[in-house]
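Each chain, written out:
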Amino acid sequence: MSEVLASLRSLMASHSPPLDALVVPSEDYHQSEYVSARDKRREFVSGFTGSAGLALITKNEALLWTDGRYFLQATEQLSDEWRLMRMGEDPVVEAWMADHLPCEASVGVDPWCVSVDTAKKWEQAFCKRKQKLIPTSTDLVDQVWNDRPPAEINPLVRHPIEFTGLSVVEKLKELRVKIQSKKARALIITALDEVAWLYNIRGTDVAYCPVVHAFAIVTFDSTFLYVDKKKLSDEANAYLQALKIEVREYSDVISDVGLLAANQLGSSFGKDPGFYNEFENGEPNKVERIWVDPASCCFALYSKLDPDLVLLQPSPISLAKSLKNPVELEGLKKAHIRDGAAVVQFLAWLDKQMQDLYGASGYFLEGEAKKNIPLGTEKLTEVSVSDKLESFRASKEHFRGLSFPTISSVGQNAAIIHYSPEPETCAELDPNKIYLCDSGAQYLDGTTDITRTVHFGKPSAHEKDCYTAVLKGHVGLGNARFPKGTNGYTLDILARVNLWDCGLDYRHGTGHGVGSYLFVHEGPQQISFRPSARNVPLQASMTVTDEPGYYEDGNFGVRLENVLVVKDAETKFNFGDKGYLEFEHITWAPYQVKLINLNKLTGEEIGWLNAYHSKCREVLAPLMNQTEMEWLMKATEPVSA
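Residues numbered from 1 in each chain as written. Predicted model: local features only at pLDDT ≥ 70, side-chain atom pairs only at ≥ 80, totals over all residues. Heavy atoms only, no water.

The subject of this paragraph is the pattern of salt bridges. In total, this model carries 30 salt bridges according to the counting rule given. A salt bridge links D193 to K321, with the shortest nitrogen-to-oxygen separation between them at 3.0 Å. Linking D193 in helix α9 (residues 192–199) with K321 in helix α13 (residues 316–322), this pair joins segments that are 128 residues apart in sequence. K321 sits in the buried class, given a relative accessible area of 3%. What you see here is one network of salt bridges that share partners, running through D39, R41, D139, D142 and R148. (Salt bridge = Lys/Arg side-chain N within 4 Å of Asp/Glu carboxyl O. Helix = DSSP H or I, 4+ residues; strand = E, 2+ residues; numbered from the N terminus. Buried < 20%, exposed > 50% of the residue type's maximum accessible area, 1.4 Å probe, protein only.)

Structure follows, in structure tokens:
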């Protein structure tokens, strides 16, 4: 790492103008949360592997900002050359730069890897000391990353309407109405999942995310897709041509945005007058503005536009994508049933393996006792059991891979919120320690995300109390009814209040949207203490996770997670004629009763738990064999205080 920092500082010094600092974001050209191997520049320079973070390299210091999910992980992964900056506790990066860098300092960044929002925020912070943000012409990290992974050529595939529920023509029609309503003449689409959703295409360019590296531009009469053409089969080309989508090379987007700004961007298909029929007098308004999403559009593309003729607002596709249509909702529910069956099969298998290995003693059987271990049974590790869970999922219909790296964690590793086990260093399962498993899968009809926490021995009273407080928050949020217009910032407290009663809390948000065979973390909706959760109210047909937790550094972690669907609620009254909403659980796997202090549950909570467990039996039974069903029946027996 010392050589990397030294090489970067040398490039910073020789840059014109010389750079006092270099920012290395986590994001790619599309401001993605999860990026391909060749885009993990921040990981390369810092050694920190978490999905969120930002590195800052100055002449004498190296700092890394990350959020509460990764504090413990970053502490373990960063070398002594790096200083960890805790988001929410330490100054934000732009404030630190403004206060600690010299007056008139130059701060370099690759303009493709920073959003318009972020760049503008930094520039504003720099004003007071006349510091400057310098877009570099090339990425300095790429110049020192000698073994940077090559770009993969993975095929672009059509996602059938039997899973999407809406055709591209229908989506474009609605999109153009929204563009026209904002008096804009075009939309530049930069988020990978938005391009995939709009054109009903998928790919494998980013691990765990079924997307293809691509940009799109939509005008009143033309549509464009910017992608490496080597990824297009004859079938894919025919599909796109039939839709009159002009396909251009990925790198052409920068020049075409310039042509768009000059009103000179034309399609080989010509103008399609059919789309004008949607507008008054058969023609769109005479407008000049170009719509870009400041959170997902990179500064490089924005710099090609006239800032006075740009509409900087969230992409209309983001909300449209989050409002699942009936076909998507039905697919998500079916995918979660199959996924729940895989999780139950895994838990039943794991329970038996632990009993075979450790028996009632709580220790790995040795000597004479070892003779009773079934042939082929071996010690279990975080990685080996994670692989087993994936094999159960892989046997299910429409499985296409995992939706994120499985968080398979034992004991103190479970306290690392986004822990990622490695074969060489992972822990063995221990019957006397909590095991937390946060996992999910990609199916053609839906994306899943589930967390369960279990104990194979005798949990302590403290572990049970913590698990119970998390469960109470999980149930409290899932059972909420609330007026339309309520946002996730308002609801977040429902998942925390029982933990707060004990003086406990957790550092991550409580819920995120989930895609339809797309990103497992999908916006714009969220349930969180972060101010951004105020931006978008929850609406019927949105998905959102319910995942409170508690993490005790060096000891254990607890998290429980289900995916919920927002739906209309029937209430006795309707104050203010707003209408009310509630949640529907679509995740199915039992909670471990052994970890629950039943005396701390209310009658209503016990009733909910028994009803949920009864539903698990009902929906999963057709997918269980006799042994698995026997385990599920035992795990879901009714309880009372």
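In this structure, I179 sits in helix α8 (residues 168–181). The exposure class of I179 is buried, given its relative accessible area of 1%. With 39 residues separating them in the primary sequence, I179 and V218 have C-alpha atoms 9.2 Å apart. Not counting residues within four places of it along the chain, the set of residues in contact with I179 comprises A184, R185, A186, L187, V218 and W291. (Contact = heavy atoms within 4.5 Å.)

On to the side chain of E194, then. Within the secondary structure, E194 is located in helix α9. There is no salt bridge for the buried E194, and the closest opposite charge comes from K321, which lies 5.4 Å off by N-O distance. Setting aside residues no more than four positions away along its own chain, E194 makes contact with I189, S315, I317, S318 and K321. (Lys, Arg positive; Asp, Glu negative; His and termini not counted.)

The next subject is the nonpolar core. Judged by nonpolar contacts, the single largest core of 80 residues is most densely connected at F346, L350, L429, Y435, F482, F583 and Y591. Not counting residues within four places of it along the chain, the set of residues in contact with Y591 comprises R452, Y467, L471, H474, L560, N562, W608, L609, Y612, H613 and A635. If you look at the next biggest cluster of nonpolar residues, it comprises 41 residues, including A21, V23, C297 and A300. (Core = buried A, V, L, I, M, F, W, Y, C linked by side-chain atoms within 4.5 Å.)

For the chain, the mean per-residue pLDDT works out to 94, and 95% of the residues sit at or above 70. In this model, residues 360–371 is a region of pLDDT below 50 whose contacts with residues beyond four sequence positions or in other chains number 14 contacts. (pLDDT = per-residue confidence, 0-100.)

Nonpolar side chains collect at one region of the surface, where I493, L494, V497 and W500 lie side by side and expose about 320 Å² of accessible area between them. The partly exposed category is assigned to V497, whose relative accessible area is 35%. (Patch = residues over 30% accessible without salt bridge, like charges linked within 9 Å, V, L, I, M, F, W, Y side chains within 5 Å. Areas by Shrake-Rupley, 256 points an atom, 1.4 Å probe, with all protein chains shown as cover.)

In this section: unusual backbone geometry. Each neighbour pair has its own omega, and for S16 with P17 the value is 0°, a cis peptide bond. For P17, the location among the structural elements is in the loop between α1 (2–14) and β1 (21–25). For the bond from G523 to P524, the omega torsion is 10°, close enough to zero to count as cis. With respect to the helices, strands and loops of the structure, P524 is situated in strand β23 (residues 522–527). The phi torsion at Y208 lies on the positive side, around 75°, for a residue other than glycine. Overall, the relative accessible area of 34% leaves Y208 in the partly exposed class. For K244, which is not a glycine, the phi torsion comes out positive at approximately 60°. Assignment of secondary structure puts K244 in the loop between α10 (234–242) and β12 (245–248).

With that out of the way, let us pick up the sheet that holds strand β17 (residues 434–439). Reading across the sheet, the three strands line up as β16-β17-β20 and stay open at both edges, with antiparallel pairing between neighbours. Edge positions in the open sheet fall to β16 (407–410) and β20 (450–455), since each of these has one partner strand only. Strand-to-strand twist in this sheet, taken as the mean axis angle between neighbours without regard to direction, amounts to 10°. With four bridges connecting them, β16 and β17 associate as antiparallel partners. Residue pairing in the sheet places V410 in a bridge with Y435 of β17. With respect to the sheet, helix α15 (residues 382–394) is in contact with β16, β17 and β20, its orientation differing from that of β16 by roughly 140°. (Pairing = 2+ DSSP bridges. Axes fitted to C-alpha atoms, helices over the stretch in contact; angles between N-to-C directions.)

What follows covers the sheet that holds strand β2 (residues 54–58). With respect to topology, six strands assemble into an open sheet ordered β4-β3-β2-β1-β5-β6, the strand pairing being mixed. Sheet topology places β4 (83–86) and β6 (132–135) at the edges, where each strand pairs with a single neighbour. The sheet shows a mean angle of 25° between the axes of neighbouring strands, taken without regard to direction. Set on the sheet, helix α5 (residues 116–126) makes contact with β1, β2, β5 (106–109) and β6; between it and β6 the angle comes to about 145°.

This part takes up helix α4 (residues 93–100). Residue pairs spaced three or four apart in an α-helix point in one direction, given the helix's 3.6 residues per turn. Residues V93, E94, W96, M97 and A98 constitute the buried set of α4. Where α4 is buried, its residues meet β1, β2, β3 (62–66), β4, β5 and α5.

A full pass over the atoms with the stated rule returns 16 aromatic pairs. Relative to Y612, the ring of W608 lies with its centre 5.1 Å away and its plane at 15°, an arrangement referred to as stacked. Taken together, the residues span about one helical turn, with W608 and Y612 both in helix α18 (residues 603–620) at a distance of four residues. We classify W608 as buried; its relative accessible area is 14%. One aromatic cluster is present, formed by Y29, W112, F215 and Y250 through successive ring pairs. Stacked on the ring of Y591, the Lys or Arg R452 has its end atom at 4.3 Å from the ring centre. (Phe/Tyr/Trp six-rings, centres within 6.5 Å; stacked < 30°, edge-to-face > 60°. Lys NZ or Arg CZ within 6 Å of the ring centre and 35° of its normal.)

Looking now at the side chain of H418. Residue position: H418 is located in the loop between β16 and β17. Relative accessible area serves as the criterion here: at 17%, H418 is assigned to the buried category. At 2.7 Å, the side chain of H418 forms a polar contact with the side chain of Y70. When sequence neighbours within four positions are dropped, the list of residues in contact with H418 reads R69, Y70, Q73 and I407. (Polar contact = N/O pair within 3.5 Å; in protein donor to acceptor, adjacent residues only side chain to side chain.)

Remark: a regular strand shows side chains that alternate across the two faces of the sheet. Side chains I245 and V247 project from β12 onto one buried face, and the interleaved E246 and R248 project onto a second face that is buried too. Once you follow strand β11 (residues 223–226) into α10 and on to β12, the crossover reads as right-handed. (Right-handed = clockwise from strand over helix to strand, strands pointing away.)

On to the environment of W112. As for its position among the elements, W112 is in the loop between β5 and α5. Each C-alpha atom of the pair W112 and Y29 lies 5.0 Å from the other, and the pair is 83 residues apart in sequence. Those residues in contact with W112 that sit more than four places away from it in its chain are D28, Y29, Q31, F215, V253, I254, C298, A300 and L301.

A separate point is the packing of α18 against helix α19 (residues 626–635). Put simply, α18 and α19 touch, their axes get as near as 9 Å, and they point 165° apart. Judged by the inter-axis angle, α18 sits roughly antiparallel to α19. In the packing of α18 onto α19, the handedness of the crossing is left-handed. In this structure, α18 uses H613, C616, R617 and L620 to contact α19, whose residues at the interface are M629, L632, M633 and A635. Here the residues of the contact of α18 with α19 are counted per class, giving six nonpolar, one polar and one charged. (Parallel < 35°, antiparallel > 145°, perpendicular 65-115°, else oblique. Left-handed = near helix turned anticlockwise from the far one by under 90°. Nonpolar A, V, L, I, M, F, W, Y, C, P; charged D, E, K, R; others polar.)

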